[in-house]
Number of protein chains: 4
Amino acid sequence: MELDTGTDYVLDRQREECGVFGVYNNEDDIDVARTTYYGLYSLQHRGQESAGIAVNDEGTIVFHKDMGLVNEVFNDVVINHLKGKIAIGHVRYSTTGASLSYNAQPMVVNYRVGQMALAHNGNLVNSKALRDEMESSGAIFQSTNDTEIIVNLISRTRISSKNIEKTLEKVMGKIKGSYAIVMITPRRLIGMRDPFGIRPLCIGKIGKSYLLASESCALDTIGAKFIRDVNPGEIVLIGKDGLNSIQAKVQGDSRLCIFEFVYFARPDSYIDGTSVHQARVEAGRQLYREHPVEADMVIGVPDGGLDAALGYSRESGIPYGHGLLRNRYVGRTFIQPSQDQRESGVKIKFNPMRSEISDKRVVMIDDSIVRGTTTRKIVQMFKEAGAREVHMRISSPPYKYPCHFGIDTPSTKQLVASNYSIDRISDIIGADSLGYLSLDGLLKAPSGCKSGFCTACFNERYPMVVPMEGNKMACSTR
Amino acid sequence: MELDTGTDYVLDRQREECGVFGVYNNEDDIDVARTTYYGLYSLQHRGQESAGIAVNDEGTIVFHKDMGLVNEVFNDVVINHLKGKIAIGHVRYSTTGASLSYNAQPMVVNYRVGQMALAHNGNLVNSKALRDEMESSGAIFQSTNDTEIIVNLISRTRISSKNIEKTLEKVMGKIKGSYAIVMITPRRLIGMRDPFGIRPLCIGKIGKSYLLASESCALDTIGAKFIRDVNPGEIVLIGKDGLNSIQAKVQGDSRLCIFEFVYFARPDSYIDGTSVHQARVEAGRQLYREHPVEADMVIGVPDGGLDAALGYSRESGIPYGHGLLRNRYVGRTFIQPSQDQRESGVKIKFNPMRSEISDKRVVMIDDSIVRGTTTRKIVQMFKEAGAREVHMRISSPPYKYPCHFGIDTPSTKQLVASNYSIDRISDIIGADSLGYLSLDGLLKAPSGCKSGFCTACFNERYPMVVPMEGNKMACSTR
Amino acid sequence: MELDTGTDYVLDRQREECGVFGVYNNEDDIDVARTTYYGLYSLQHRGQESAGIAVNDEGTIVFHKDMGLVNEVFNDVVINHLKGKIAIGHVRYSTTGASLSYNAQPMVVNYRVGQMALAHNGNLVNSKALRDEMESSGAIFQSTNDTEIIVNLISRTRISSKNIEKTLEKVMGKIKGSYAIVMITPRRLIGMRDPFGIRPLCIGKIGKSYLLASESCALDTIGAKFIRDVNPGEIVLIGKDGLNSIQAKVQGDSRLCIFEFVYFARPDSYIDGTSVHQARVEAGRQLYREHPVEADMVIGVPDGGLDAALGYSRESGIPYGHGLLRNRYVGRTFIQPSQDQRESGVKIKFNPMRSEISDKRVVMIDDSIVRGTTTRKIVQMFKEAGAREVHMRISSPPYKYPCHFGIDTPSTKQLVASNYSIDRISDIIGADSLGYLSLDGLLKAPSGCKSGFCTACFNERYPMVVPMEGNKMACSTR
Amino acid sequence: MELDTGTDYVLDRQREECGVFGVYNNEDDIDVARTTYYGLYSLQHRGQESAGIAVNDEGTIVFHKDMGLVNEVFNDVVINHLKGKIAIGHVRYSTTGASLSYNAQPMVVNYRVGQMALAHNGNLVNSKALRDEMESSGAIFQSTNDTEIIVNLISRTRISSKNIEKTLEKVMGKIKGSYAIVMITPRRLIGMRDPFGIRPLCIGKIGKSYLLASESCALDTIGAKFIRDVNPGEIVLIGKDGLNSIQAKVQGDSRLCIFEFVYFARPDSYIDGTSVHQARVEAGRQLYREHPVEADMVIGVPDGGLDAALGYSRESGIPYGHGLLRNRYVGRTFIQPSQDQRESGVKIKFNPMRSEISDKRVVMIDDSIVRGTTTRKIVQMFKEAGAREVHMRISSPPYKYPCHFGIDTPSTKQLVASNYSIDRISDIIGADSLGYLSLDGLLKAPSGCKSGFCTACFNERYPMVVPMEGNKMACSTR
């Protein structure tokens, strides 16, 4: 995925969402906070702004959350204070603004039947309506989080519901949008995935103990067995008696976010039955079939383009190469180069591998083009480093429409594919040719995937009506 | 006031409450955040755990709050971001526990008619009942603050009320306890004092702009004119049209906390018409009248006993002396001495002035005795430093009963006066004699004070019924 | 002492120097680092910029030093790492500049015979010459500290000396200026005071273990017995065999800095045989004898003027009062008021006690006037608060000449007494009258003091020739 | 290179050295501090413990250095304070110990002819002798750095030398070991490389301005032109008049550290004329020639084994795959898993890509094996993930002997190849086969390299006599 923005030359924020994790220790010898720590660490790619863990200690929920990476927010002292039987955790993507720490998750509250902690990944599209409705009967909101809305809704719905199961069914009927929720009640760990299954959530097991995680790589990391994905519209309740499931009636197909396969998820994860890595390799193969070219070397833009580059190479027989070095020591603060320095060719994040590409015809693979600025810069670097030709191939269709389900998209004005033809984009980025994978081609890539897909960013087919809520930004976890 | 506790040898927390401040800039050229900063700084003695400022910027409330002293929490960059026309601020007393920053004030919320920010000093005695009632209809609580209860109650009451005035009148009818509240609505600064006037709150003016403050010293600090105290049971609403007042019907006399005069308030403040310094000097004079003694020197325990020592000296003609040095460089962390070191006589906080007291008969004045441990230590230091006699005089009656209105009192088990006779206490602390000011004597000290007093900690006459709420500690601002 | 400067309205730096402390655990059960911690804490008034402790652990010296107050720089973890038998510590006064932490003391080095740690209070006047000489033979300097010069000189002199005793005697012959040094060698704790005894240093004892400290209050704090002052020109070496002393030949009288009695030292300290508190009270008495006035109240400016005010009151019979409140919650950062706010009368640091001074004729006592700005401001506050007359009395002579022995003095251009007559100063500060204590009067105050005094800041009689070293500021510990 | 150690399960320190950078702005418009910042950032892989920059501002050297990554140590405010014409910078590898910040570089000192700043990469083998000699004449040392020794030596030698050129020639005659030095004098930027050229150093140019850097990737990053490597035994002096060179007489061949090609250097760098990436690819090709195997997939251990894996794949025709995911969000603190968790298979740093390797015969390529623990763990992961066979291939010979020239090697007891035969190692790590590249094969890889190589870690042929200095650890930059 392309990286740079005008304002942030170096620390481009990859398109992030959030990651959630949960564990219920059922008579095993699991340190739930420590396990959640490693789980979140393996989901760190989904959100790098804040991290939090809440633990149910015999009915009392203790928690710690703050801005920063998982290993910055937690240390041994903190983890050792988080003792208990059930834990949930959250990593959050990056935003800007005041009093940000108030937006960190999980959210922990007292309500009528005790304490609850909740964390979620996704974005509600009817949050304003829900908020207005609850404010009309006197609710207050301390943040602009969707989380606070969901928690309030659960608390209010609980009053008139027989139990938490009924409560959550009703809540699922009210909230519209994408969500993968993990939640602690006084005695249970609960997971919940929206009826379209837009955001992923899966179930793992160690001994008799269950776990929930946004991606299966978190289960691998902590040595848990992958059991299955939570189904779209499913509520799973994990307690002393094991796992119970409630399946909401679901209208139509599931619509997993296709970008999980294109870019978000870690390649070693499996989502809804399919290997992310394999899907990307397959997309690369299909990309060659659709847009072949004669060349000497296939090079992926790290990290998003690497797997598809492998597929392109395998299908075409063109050698796979390491042609672009990425400096990984980027932290949260980084001094931006001056305009002079930019023009004089500062190459802070990427540097081409001259010896690998000199005098070669190169196929360069990336997962997507957003604004086009980074792609243009990389093509130019390659030309200056001696590449004879640079053929750009993108392992997804042109990215044209804003996401309302958890991806922080720039406005369509900034999306180069919303504004220009493919030929024109090819000119803009200075490539010798440009080819995008077709949507059909992309949809074939996650072969064996049980899920249908949300492809709205490519074809504007949103899985549900998105109310035009004035001042609401379309982004995740708010 | 006596200082030490068993667990915290050095950093004894003086008995603190909270301090509140507010300012409405009415066409004057006031930087409201900066003014609140200095206001809070002058109220720092009322709370040293956390500090916060919220500013109404054309209807949007921005805020910053964190753990620490005012000058640690705020800097120029932060203050410069807090632009607006109305500001409130809060300093909070010290507690311990997890996730403390979530208890910092002011609390800022969205509710049906916009945003509100609220900060308060005091303690509700029916908070559990209020919370239960609201939870029954679905409310959630993110903290254990009284503040969150009040804010929820305002939000819910507002639904069925014509305007904020009616809302607050109704809320005042529901909440029981002590409170001095400052509050920002979209267009106004509001102040509110409980019907007994237990906690102080006063009004100041600069040009056409009004201010609210827990103590008048905050008005002096920022160069404002003292106008008057907010009356018990009064709601003052400050807006473009100046100050409007609503006076609730009040049952019985006002009951200002007598400990504001004994210990809490800064001596340069005036509360309900009376100088705190003068009241303390007068208490000292009266203390001599009640408990005269022949001696060579009168010495006050810094800082609580200094003014009364002056009064005792003036009334008795016994010279006033500086006999006890207090080291003031105590911060929030301090390494505790080992048991060995304690026994070997480490004198970290106080050191007697040998040259002043050697071979003298000393009258030592303190404002109160709580546990007795510090007093005993000081008496012993004096004896070791050569004092021939040490006569302890306390400028308030024996402190016997817990406060439910904002003072963090130890359990009666730890209150020495709840457990022992005066003679026995004299023995315990090792003094040659001990005299407490009578309650009558104390009540005469704030001469000219318009207010009646709450003296429950001396005579158990609480101004209202205090429900026995199980796990609720009787302390302020929760 | 007067406090404000133009640029720093609030956080005026009191004139500070440095404080040193040392302890040798001789078969007693002393935690030397912890003891040094409390010792430094009681010397904190001598320096608030940085703190450091070095400990000799069986020949290896470990240390920790950083910017900040003692309780900010050290915590339990750090202190517990500083295990050993001998420790020295240092607190440093405030300066500004880059890479400041490199100036923190003690300085710890390897040299020919092992490791040494050294800390000092004072100022060399021939440091440039010494540095030039050593640089000529190849020495390098990593700081602009006098400490580094002394350490280098010791190391070089040691080469051609039989032992450390001879070495230090020679070094004492070479360095000119003021110094009170504490030092650790592989097996001993060493103290050293300049031949004029300009800076104080005293010896204490616990069991068989010896201690060194800038002021006796540090001995009180840790429960040690005061033994005696280190003599001018004396080197004391403390080891397994107890304390050994070498007395250098000294020319002429000792010349203790008179300002230790006027302002620097903590009032509960004894220096060279005399109580600081008593000396200040006596100066106040003498001040009345020299400059009597009819008045209703004597008020000291906290904290420097309080003891002298007591003396003035006792001698005159005019009642002593608490008329000026000082806000003590000032930390290292503080937001400065705007020009507008200053003019509108912001009273951040001091507030007059209206009830105490209203309609009264007040004698106000301070220890000195430096620039005159703070004094003017306080006089004005008093007038506005209703004082009928304000008679300023200063418990030392006009402060006219720069110090070259450890006090960070402003340039003579800024010293009001260097530029104006006393009458004119009285006008400038707006007082009804102004009286300075005579030098003779001041010298009589520390009655029984075994020492002569350096009074150069009053009469320009420096105890030694001060070379005009171009760019060297006359300040301590450099 | 293998990563884990027993004590540090996750945050294995890659074998690091240091990186140096320098720039002289000769009438160009270069912000030297900012340029150094980006230069250091691109050398961050050489050292992650501390970072520092010193700038010559008209003869005065200002500097900033601290523990942390480049982007943690510096921010805009700091960089903007570092104004001047000449700058040097340093990144330092990770160690542990007390008062670490005192070891950060560059070192800045005053000496006879003004100020000097110096930073270096490498390790002296005669530092103890040099230190002893200088201590004998009175020198003191504040650290255990080689840097401080070099700086002292320069200062002392300068006394008896005509100019800095002669000084440095003499110093080069005295110091034994590896070093790549950058240095600022009052008017020049100086670079110096040891006579064997063990550590790399190269020269770049922007306009008329010269730069020095440990690796050419730093020149690319800031848009500078690579000019040439500094020769072994060469001193380059860069001033107003451009670049001047002094070539010391050199005995025998150059001996560049072969591990720069095996592991240290960034693959996009060129060292002594050869592309690091190409050398690694070539080593991989040769590795196949020496140790062919039938397999389905070649997989490199990130990041050290990736380039050689590419070579192995290209030479063998076996497909290249992405089979091992490396989590890159590792910071300076990370909570270690419990023993239980380790045994239950926590995979914090690496996770195999099941879909890629399942049921496959895998050739796994790494750059070296040190202890063997990580390799064993990875092989086991692969087997558990379904790999049918795992053939380990190492792109360098068995690593058997400690380095004394800058690599922090574990003791030979911990080096698996020092203790076991290759067959035995294969068993220990659980591989189906194991092959190491021969030394001859490795030496052929950097084809066209002008340099000879130090291969002592493989064959114990140290380029010079290494004195057995008792307590001196053989590691870099001390």
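Everything numeric in this text was worked out from a predicted model, so none of it was measured.

Quick notes on the rules
- Within any chain, residue numbers begin from 1 and follow the written order of that chain's sequence.
- Chain labels run from A onward and ligand labels from 1 onward, assigned in the order the entries are written.
- Only residues with pLDDT of 70 or above have their local features reported here, since the model is predicted, and side-chain atom pairs are shown and tallied only from 80 upward, although totals for entire chains, interfaces and linings are computed over all residues.
- Note on conventions: DSSP H or I runs of at least 4 residues are helices, E runs of at least 2 residues are strands, and numbering of each starts at the N terminus.
- Every radius of gyration here is taken over C-alpha atoms, with the globule rule written as 2.2 Å times N^0.38, N being the number of residues.
- Partly exposed residues are those falling between the two cut-offs: more than 12 but fewer than 20 other C-beta atoms within 10 Å of their own, whereas 20 or more means buried and 12 or fewer means exposed, with C-beta atoms placed from the backbone.
- Residue pairs are scored as contacts if the distance between their C-beta atoms, which are placed from the backbone, is within 7 Å.
- Gly is placed with the polar residues, together with every amino acid not listed as nonpolar (Ala, Val, Leu, Ile, Met, Phe, Trp, Tyr, Cys and Pro) or charged (Asp, Glu, Lys and Arg).
- We superpose the copies by least squares over the C-alpha atoms of residues that have a pLDDT of at least 70 in both of them.
- The angle between two axes is taken between their N-to-C directions and runs from 0 to 180 degrees, where each axis is a line fitted to C-alpha atoms and a helix contributes only its stretch in contact.
- Any angle that is under 35 degrees is reported as roughly parallel, and any over 145 degrees as roughly antiparallel; angles of 65 to 115 degrees are reported as roughly perpendicular and all others as oblique.
- In this scheme, a crossing is called left-handed if the near helix is turned counterclockwise away from the far one by less than a right angle; it is called right-handed if the turn is clockwise.
- One requirement defines pairing of two strands: DSSP has to find at least two bridges between them.
- What marks off one domain from the next here is an automatic or database domain assignment.
- Starting at the helix axis, one direction is taken to each C-beta atom, and the arc is that of these directions.

Chemist: Is there a simple way to think about the overall build of chain A in this case?
Modeler: Looking only at helices and strands, one finds 17 helices and 24 strands in chain A. Relative to the globule expectation of 23 Å for 478 residues, the C-alpha radius of gyration of chain A, 23 Å, shows essentially globular dimensions. Counting across all 478 residues of chain A, residues that qualify as buried make up 63%. Partitioning the contacts of chain A with sequence separation of at least 6, the portion at a separation of at least 24 is 73%.

Chemist: Which parts of the structure should I look at to understand the interface of chain A and chain B?
Modeler: Many authors give the size of an interface as the accessible area that is lost as the parts come together. Contact with chain A, which involves 21 residues of that partner, is made by 21 residues of chain B. When contributions to the side of chain A that touches chain B are tallied by element, the ones reaching two or more residues are β3 (60–67), β5 (107–111), α4 (127–136) and α5 (146–159) of chain A. Counting residues per element, the side of chain A that touches chain B draws most heavily on α5(A), at five residues. Of the residues contributing to the side of chain A that touches chain B, the split by class is ten nonpolar, eight polar and three charged.

Chemist: Would you explain the relation of the copies chain A and chain B in this entry?
Modeler: For these two chain copies, the linking operation is a rotation about an axis paired with a shift along it. Once chain A is rotated about the relating axis by 180 degrees and shifted along it by 0.2 Å, it coincides with chain B to within an RMSD of 0.1 Å. Classification of the inter-copy transformation places it as that of a two-fold axis. Ranked by how close their C-alpha atoms come to the rotation axis, the residues of chain A are headed by Ala139(A), at 3.3 Å. Of the interface residues in chain A, 100% have counterparts in chain B that sit at the interface too, so the contact is made through matching surfaces.

Chemist: I'm lost on the packing of α4(A) against α5(A) in this one. Help?
Modeler: Packed helices, taken two at a time, are described by the angle their axes make and the gap between the axes. Residue and element names in this part refer to chain A. Where α4 contacts α5, the axes come no closer than 10 Å and their chain directions differ by 45 degrees. Of the possible angle classes, the one that applies to α4 and α5 is oblique. Considering only the axes of α4 and α5, their crossing is left-handed. Of the residues in α5, those touching α4 at Ser-127, Leu-130, Arg-131 and Met-134 are Asp-146, Ile-149, Asn-152, Leu-153 and Arg-156. Looking at the contact of α4 with α5 residue by residue, the class counts come to four nonpolar, two polar and three charged.

Chemist: Honestly, the sheet that holds strand β8 (residues 189–193) of chain B in this entry has me stumped. Any pointers?
Modeler: The pairing of strands in a sheet happens through backbone hydrogen bonds and is either parallel or antiparallel. Residues and elements named next belong to chain B. The strand order across the open sheet built from six strands is β5-β6-β7-β8-β12-β13, with neighbouring strands paired in antiparallel fashion. The open sheet has two edge strands with one neighbour each: β5 (107–111) and β13 (242–247). If you compare each strand with its neighbour and ignore which way they point, the axes differ by 20 degrees on average. In terms of strand pairing, β5 meets strand β6 (residues 114–124) through five bridges, oriented antiparallel. Directly across from Val-108, in β6, lies its bridge partner Ala-117.

Chemist: Explanation requested: the relation of the copies chain B and chain C in the structure shown.
Modeler: For the pair chain B and chain C, the best superposition has an RMSD of 0.1 Å and corresponds to a rotation of 180 degrees with a translation of 0.0 Å parallel to the axis. Both copies share a contact surface, since 98% of the interface residues of chain B are interface residues in chain C too.

Chemist: Help me out: how do you make sense of the domain arrangement of chain A in this one?
Modeler: Residue and element names in this part refer to chain A. We note that the domain assignment places domain 1 (18–255) and domain 2 (271–454) within chain A. Between domain 1 and domain 2, the contact holds 17 residues from the first and ten residues from the second. By residue number, the principal contributor to the side of domain 1 that touches domain 2 is strand β6 (residues 114–124), which donates three residues. In the side of domain 1 that touches domain 2, the residues fall into five nonpolar, seven polar and five charged.

Chemist: How should the pairing of strand β1 (residues 18–24) of chain A be read in this particular structure?
Modeler: Along any regular strand the residues' side chains alternate between the sheet's two faces. All names here are of chain A. By the criterion of burial, β1 is predominantly enclosed, with seven of the seven residues buried. With burial as the criterion, each face of β1 is covered, one bearing Cys-18, Val-20, Gly-22 and Tyr-24 and the other bearing Gly-19, Phe-21 and Val-23. In this sheet, strand β4 (residues 86–92) lies alongside β1 in antiparallel orientation, the contact comprising seven bridges. Directly across from Gly-22, in β4, lies its bridge partner Ile-88.

Chemist: Got a minute to help me understand the interface of chain B and chain C in this structure?
Modeler: On the side of chain C, 54 residues touch chain B, which itself brings 55 residues to the contact. Sorting elements by how many residues they give to the side of chain B that touches chain C places helix α1 (residues 32–42) of chain B first, with five residues. Across the side of chain B that touches chain C, the residue classes tally to 22 nonpolar, 19 polar and 14 charged.

Chemist: How should I be thinking about unusual backbone geometry in this particular structure?
Modeler: Trans peptide bonds make up the majority, and among non-glycine residues the majority have a negative phi. Along the chain, Pro302(B) connects to Asp303(B) via a cis peptide bond; the corresponding omega equals -15 degrees. Within the fold, Asp303(B) resides in the loop between β17 (297–300) and α10 (306–316). The residue after Gln105(D), namely Pro106(D), is reached through a cis peptide bond having omega 0 degrees. Structurally, Pro106(D) is set in the loop between β4 (86–92) and β5 (107–111). Of note in this structure, Glu460(C) is not a glycine but carries a positive phi near 65 degrees. With respect to the helices and strands, Glu460(C) occurs in the segment after α17 (456–459).

Chemist: Please clarify how helix α1 (residues 32–42) of chain C should be interpreted in this entry.
Modeler: An α-helical turn contains 3.6 residues, so any two residues separated by three or four positions project in the same direction. Among the eleven residues that make up α1(C), eleven are buried, leaving the element largely enclosed by the rest of the structure. If you check which residues of α1(C) are buried, you get Val32(C), Ala33(C), Arg34(C), Thr35(C), Thr36(C), Tyr37(C), Tyr38(C), Gly39(C), Leu40(C), Tyr41(C) and Ser42(C).

Chemist: Looking at this structure, how should I read the sheet that holds strand β9 (residues 202–206) of chain A?
Modeler: All names here are of chain A. Strand order in this open sheet of seven strands is β3-β2-β4-β1-β10-β9-β11, and the pairing throughout is antiparallel. Here the strands that pair on one side only, and so sit at the sheet edges, are β3 and β11 (225–229). Strand-to-strand twist in this sheet, taken as the mean axis angle between neighbours without regard to direction, amounts to 15 degrees. Sheet analysis places strand β2 (residues 50–57) next to β3, joined by eight bridges and oriented antiparallel. Bridge pairing links Asp-57 to Thr-60 in β3. Of the strands in this sheet, β1, β2, β4 and β10 (209–213) are in contact with helix α1 (residues 32–42), which crosses β4 at around 25 degrees.

Chemist: Is there a simple way to explain the arrangement of the chains in this structure?
Modeler: For chain A and chain C, which are not in contact, the least C-alpha distance works out to 13 Å. Separated throughout, chain B and chain D approach each other most closely at a C-alpha pair spaced 14 Å apart.

Chemist: Before we go on, may I ask you to explain the environment of Arg46(B) in this structure?
Modeler: Residues and elements named next belong to chain B. Note on placement: Arg-46 falls in the loop between α1 and β2 (50–57). On the basis of neighbour count, Arg-46 is assigned to the buried category, with 27 C-beta atoms found within 10 Å. In this structure, the C-alpha to C-alpha distance between Arg-46 and Pro-352, residues 306 residues apart in sequence, is 27 Å.

Chemist: Just checking my understanding: could you explain helix α4 (residues 127–136) of chain C for this structure?
Modeler: Regarding α4(C), the residues found buried are Ser127(C), Leu130(C), Arg131(C), Met134(C) and Glu135(C). The arc that holds every buried residue of α4(C), seen down its axis, measures 130 degrees, which confines them to one face. Relative to its buried face, α4(C) has exposed residues pointing more than 90 degrees away, namely Asp132(C) and Ser136(C). Here the buried face of α4(C) lies against β6 (114–124), α5 (146–159) and α6 (164–174) of chain C together with β5 of chain D. In the stretch just after α4(C), Gly138(C) is the one whose phi turns positive, near 105 degrees.

Chemist: I'm lost on the environment of Leu189(C) in this one. Help?
Modeler: All names here are of chain C. Here Leu-189 shows up in strand β8 (residues 189–193). On the basis of neighbour count, Leu-189 is assigned to the buried category, with 29 C-beta atoms found within 10 Å. For Leu-189 and Ile-79, which are 110 residues apart along the polypeptide, the C-alpha to C-alpha distance reads 19 Å. Excluding residues within four positions of it along the chain, Leu-189 makes contact with Gly-22, Tyr-24, Ile-86, Ile-184, Tyr-210, Leu-212 and Ile-238.

Chemist: In this structure, what is going on with the environment of Ile203(B)? I would like to understand it.
Modeler: Residue and element names in this part refer to chain B. For Ile-203, the location among the structural elements is in strand β9 (residues 202–206). Judged by C-beta crowding, with 24 C-beta atoms within 10 Å, Ile-203 ranks as buried. C-alpha separation for the pair Ile-203 and Phe-21, spaced 182 residues apart in sequence, amounts to 9.8 Å. Residues within four places of Ile-203 in sequence aside, it is in contact with Tyr-210, Leu-212, Ile-227, Arg-228, Val-230 and Val-236.

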